[in-house]
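# Residue-level structure breakdown
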Amino acid sequence: MKSLKKQRRIQIIIVAFVALALSTGIIGYALRDGINYFRSPSEIVETPPSETELFRIGGMVAEDSIRRGEGTQVSFVVTDCFHAVPVTYEGILPDLFEEGQGMVGQGRYVNGTFEAVEILAKHDETYMPAEVENMHEAQNFCEPEVNTADGATTTG
């Protein structure tokens, strides 16, 4: 009789383990498109992501880099002081978006340009997205660099 109880317990433990593994796999599969990784411009320049990967970039909008195109098209440069990445965006920018301020954008890195599908700007004078704040602390953030038309880099 005891061996039957022991066998039943082992069967229940195995079934529970299989159910847990299966549910973990299903949840991971369902979230694969909903997980967006955050990268700084330095990380993007050093190891460029694939063109199909959707991720977030964060940093400071470089001074004198915002260029408005036709309609709602805009391009600018985002920097983390060490590297800069050009960004293009089609849409209406947040009201608080401006040069020299922190931003986070979501999109894809295609042919050396970050093509944003969403742009987030800082909330007020004291707010900075947690990813950007952590990046600044980790890199001992300095003044942003700006690439000039002649290819020279200056500190802003």
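Predicted, not measured: the structure shown is a model, and the values here were computed from it.

The subject of this paragraph is the nonpolar core. With 19 residues, the main nonpolar core has Ile-57, Phe-76, Val-85, Phe-97, Met-103, Phe-114 and Ile-119 as its most contacted residues. Looking at this core, the elements that each hand over two or more residues are strand S2 (55-61), strand S4 (73-79), strand S5 (84-90), strand S6 (102-110) and strand S7 (113-121). Per-element accounting of this core gives the leading share, four residues, to S7. Those residues within four positions of Ile-119 in sequence are excluded, and the remaining contacts are Phe-76, Tyr-89, Leu-93, Pro-94, Phe-97, Met-103, Val-104 and Gly-105.

Considering every residue of the chain, the mean pLDDT works out to 80; 74% of them sit at 70 or more. No element of the chain has a lower mean pLDDT than strand S8 (residues 145-147), which averages 44, and none a higher one than S5, which averages 93. Low confidence marks residues 143-156, where pLDDT is under 50. Its contacts with residues over four positions away, or in another chain, come to 24 contacts.

Time to look at the packing of aromatic side chains. Taken as a whole, this structure holds two aromatic pairs when the rule is applied. A centroid spacing of 5.3 Å and a plane angle of 65° characterise the contact between Phe-55 and Phe-114, whose relative ring orientation is edge-to-face. Of this pair, Phe-55 sits in strand S2 while Phe-114 sits in strand S7, placing them 59 residues apart in sequence. Here the two residues Phe-55 and Phe-114 agree in accessibility, since each one is buried. Looking at Arg-39, its charged tip hangs above the ring of Phe-55, at a distance of 5.1 Å from the centre.

Where S5 lies against S7, three bridges are found, and the strand directions are parallel. Counterpart to Tyr-89 in the pairing with S7 is Ala-116. Hairpin connection of S6 to S7: two residues between the antiparallel strands, including Asn-111 at a positive phi of 50°.

Moving on: the pairing of S6. Most of S6 sits out of view: eight of its nine residues are buried. Looking at chain direction, S2 and S6 are connected through six bridges and run antiparallel. Within the sheet, the bridge partner assigned to Gly-58 lies in S6 and is Val-104.

The rules we used
Residues numbered from 1 in each chain as written. Predicted model: local features only at pLDDT ≥ 70, side-chain atom pairs only at ≥ 80, totals over all residues. Heavy atoms only, no water. Core = buried A, V, L, I, M, F, W, Y, C linked by side-chain atoms within 4.5 Å. Buried < 20%, exposed > 50% of the residue type's maximum accessible area, 1.4 Å probe, protein only. Helix = DSSP H or I, 4+ residues; strand = E, 2+ residues; numbered from the N terminus. Contact = heavy atoms within 4.5 Å. pLDDT = per-residue confidence, 0-100. Phe/Tyr/Trp six-rings, centres within 6.5 Å; stacked < 30°, edge-to-face > 60°. Lys NZ or Arg CZ within 6 Å of the ring centre and 35° of its normal. Pairing = 2+ DSSP bridges.

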